[in-house]
Amino acid sequence: MSTTVDTSTMSAECALAQQPEYKDLHRECRQTEDVPLPHGGGILLIRRCACTHHRYASPR
């Protein structure tokens, strides 16, 4: 039985790290903060990774 994880809000590294043989990739994630679109009025260019392995991760 496998569990499904929503990887749509994770960085590519953390999404791949969900696989047992790639667990160490969480350390490679650099998507640790939101990057706003310049002059975008709050639109995000890149959203921070929502993986629970990061210290900042908390329920939103």
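Above this text sits the structure in question.
Residues numbered from 1 in each chain as written. Predicted model: local features only at pLDDT ≥ 70, side-chain atom pairs only at ≥ 80, totals over all residues. Heavy atoms only, no water.

Peer 1: I keep staring at the overall build of the chain and nothing clicks. Help me out?
Peer 2: Summing up its helical and strand segments, the chain has one helix and two strands in all. Taken from N to C terminus, the helices and strands of the chain fall in the order α-β-β. Burial statistics for the chain: of 60 residues in total, 17% are counted as buried. The long-range share in the chain, meaning contacts at least 24 apart out of those at least 6 apart in sequence, stands at 27%. Entry remark: accessible area of the chain is about 5000 Å², with carbon and sulfur atoms responsible for 53%. (Helix = DSSP H or I, 4+ residues; strand = E, 2+ residues; numbered from the N terminus. Buried < 20%, exposed > 50% of the residue type's maximum accessible area, 1.4 Å probe, protein only. Contact = heavy atoms within 4.5 Å. Areas by Shrake-Rupley, 256 points an atom, 1.4 Å probe, with all protein chains shown as cover.)

Peer 1: Help me understand the pattern of salt bridges in this model?
Peer 2: Oppositely charged side chains are able to pair whenever their charged atoms sit close together. Scanning the entire structure with this criterion turns up one salt bridge. Between Arg 27 and Asp 24 there is a salt bridge, with the nearest N and O atoms lying 3.5 Å from each other. Accessibility assignment for this pair places Arg 27 and Asp 24 in one class, exposed. (Salt bridge = Lys/Arg side-chain N within 4 Å of Asp/Glu carboxyl O.)

Peer 1: I'm lost on unusual backbone geometry in this one. Help?
Peer 2: In most cases, non-glycine residues show a negative phi, while peptide bonds are predominantly trans. Although it is not a glycine, His 39 sits at a positive phi angle of roughly 60°. As for its placement among the helices and strands, His 39 is situated in the loop between strand 1 (35–36) and strand 2 (44–46).

Peer 1: How do you make sense of a nonpolar patch on the surface when you look at a structure like this?
Peer 2: Residues Val 35, Leu 37, Ile 43, Leu 45 and Ile 46 make up a contiguous nonpolar surface patch of roughly 410 Å² in combined accessible area. Inspection of the secondary structure assignment puts Ile 43 in the loop between strand 1 and strand 2. (Patch = residues over 30% accessible without salt bridge, like charges linked within 9 Å, V, L, I, M, F, W, Y side chains within 5 Å.)

Peer 1: Sorry, what's going on with the environment of Asp 34 here?
Peer 2: By secondary structure assignment, the location of Asp 34 is in the loop between helix 1 (12–16) and strand 1. For Asp 34, a relative accessible area of 33% translates into the label partly exposed. Taking C-alpha positions, Asp 34 is 8.4 Å from Cys 49, a pair spaced 15 residues apart along the chain. Leaving out residues up to four positions away in the same chain, Asp 34 has contacts with Leu 44, Ile 46, Arg 47 and Arg 48.

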